[in-house]
Each structure stands twice: as structure tokens, then as C-alpha cells.
Amino acid sequence: MGDYILLAVGAILVNNILLIQYLGNCPFLGTSKSMDNATGMAMAVVFVLAMAGIVTWIMEAVFLKPLGLEYIRTIVFIVVIAALVQFVEIFMKKSMPALYAGLGIFLPLITTNCAVMGVCLINIKEEYNFLEMLVSSLAYPAGFGLALILFAGLRERIIIGRVPGPLQDVSIALVTAGFMSLSFLGFKGMI
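What you are looking at is a predicted structure, and each value in this text was computed from that prediction instead of being measured. (Residues numbered from 1 in each chain as written. Predicted model: local features only at pLDDT ≥ 70, side-chain atom pairs only at ≥ 80, totals over all residues. Heavy atoms only, no water.)

**Considerations on the packing of helix H3 (residues 35–64) against helix H6 (residues 114–125)**
Next, step 1: Packing of H3 against H6 brings their axes to within 9 Å, and their N-to-C directions diverge by 40°. Our classification of the angle between H3 and H6 gives oblique. Considering the relative orientation of H3 and H6, their crossing is right-handed. In this structure, H3 contributes Val-48, Leu-49, Ala-52, Gly-53, Thr-56, Trp-57 and Glu-60 to the contact, and H6 contributes Ala-115, Val-116, Val-119, Cys-120, Asn-123 and Ile-124.
Next, step 2: Each residue belonging to the contact of H3 with H6 can be placed in one class, and the counts come to nine nonpolar, three polar and one charged. (Axes fitted to C-alpha atoms, helices over the stretch in contact; angles between N-to-C directions. Helix = DSSP H or I, 4+ residues; strand = E, 2+ residues; numbered from the N terminus. Parallel < 35°, antiparallel > 145°, perpendicular 65-115°, else oblique. Left-handed = near helix turned anticlockwise from the far one by under 90°. Contact = heavy atoms within 4.5 Å. Nonpolar A, V, L, I, M, F, W, Y, C, P; charged D, E, K, R; others polar.)

Printed below as a string of C-alpha cells:
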């Protein structure tokens, strides 16, 4: 049990996929201007990544590795992730049209979000068993969501503050992201 907790804490804080491993920065900057969009994107990434982690792990264990087809792993994983994102997009368009409109182009871009592919490949590289893969596939996107929501809160505060002209919008966002990344580096010695 302790190993799973360490794996989860490590994935959320110590090896945060967004602020430490620098994967998934496109939606991080694009959807963090409002808390509603950031929360919606975090939930979509959690769902897609958890499902992609499970499906890709099963594909690797049942088909790719036994049949010696590891060389097409990237193509298979991209197809799985793209199909899951299409499912989420159709679901959001029907049930949450406001959130769907708010996420705009960033929702289909989850397909190319390297955080999703990165976690699927980490699960295979670390040779996790099914339970470890499940913890990893839930903890990494939880860390992604934590960083995204914290960043959205900071950006909402920055919008109402006085920021010098040259630093407004993306410039101050990048500086803030850098400071957030430095603060998450403080967790490095924890585990």
C-alpha cells in the first residue's frame, strides 16, 4: 500500500508531468485564463489519460509484446488516444455545450497532448503491473489538473492586478509558470 501512495505522491508533486517533466504545456497556457475552462480541461485530461493508460497497457500486454509488435507501439497508442478524445469531444458537445465552446480548439488538441502519450509510455517503460499503472494513470493527470487549476487561479488574480504593459498576458503567464515550476522543484528531495 505504501508503494502505491509513494507512486501517487511522486506523480502528483515530485515528478509533476506539467511543471517538472514539461509535457502538456500547450493546454496549460491556452486554457488557464479562466477557472471554469481550466477545471473542464483538467477533468477531460484525467478521463482521457486514465482510459488511455488502461487501454494502452492492455494493448501492450495482450497484443504488442506477445506478438513482437513493439515497433508499432507509437502508432497504436496515437490511435487509442485519438479515439478517446473524439469520444470526450462528442460527449462534451452534447452534454456541456458551454464548456465545449470555452475549451475551443484545446479539446481536440488533447490528442496531441504529449502528457497523455508521455504517461502511457512511462507506464510501459517502468514495467508497471496493472494496479501500479492504474495509480500512475490517475495520479499524473491529477498533478496536471492541480498545476492547471493553481495556475488558472493565479492568472485570474493577475488579470485584476496592475501589470506593466510589456509583461501583460502571455509574458507574465510564462514568468508565473516558471516560478511555479521552481516551487514544484522543492518537492524533488521528498521521495
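**Here's the deal with the nonpolar core**
Next, step 1: Counting 52 residues, the largest nonpolar core has Ile-17 and Ile-110 as its most contacted members.
Next, step 2: Elements with a contribution of two residues or more to this core: helix H1 (2–14), H3, helix H4 (73–95), helix H5 (97–103), H6, helix H7 (130–160) and helix H8 (170–185).
Next, step 3: At 10 residues, H3 tops the list of elements feeding residues into this core.
Next, step 4: If sequence neighbours within four positions are ignored, Ile-17 has contacts with Ala-11, Tyr-22, Leu-23, Ala-115, Val-119, Ile-122, Tyr-140 and Phe-144. (Core = buried A, V, L, I, M, F, W, Y, C linked by side-chain atoms within 4.5 Å. Buried < 20%, exposed > 50% of the residue type's maximum accessible area, 1.4 Å probe, protein only.)

**Some points on the confidence of the model for the chain**
Next, step 1: The predicted model of the chain averages 88 in pLDDT, with 100% of residues at 70 or higher.
Next, step 2: For the chain, H5 is the element with the lowest average pLDDT, namely 78, and H7 is the one with the highest, namely 93. (pLDDT = per-residue confidence, 0-100.)

**Observations concerning H6**
Next, step 1: End to end, H6 covers 16 Å across 12 residues, agreeing with the expected 16 Å (1.5 Å per residue, within 8%).
Next, step 2: Extensive coverage of H6 is indicated by the burial of nine of its 12 residues.
Next, step 3: Within H6, burial applies to Ala-115, Val-116, Met-117, Gly-118, Val-119, Cys-120, Ile-122, Asn-123 and Ile-124.
Next, step 4: In this fold, the buried residues of H6 make contact with H3, H4 and H7.
Next, step 5: Just downstream of H6, Glu-127 is the residue with a positive phi angle, here 55°. (Expected span 1.5 Å × (residues − 1).)

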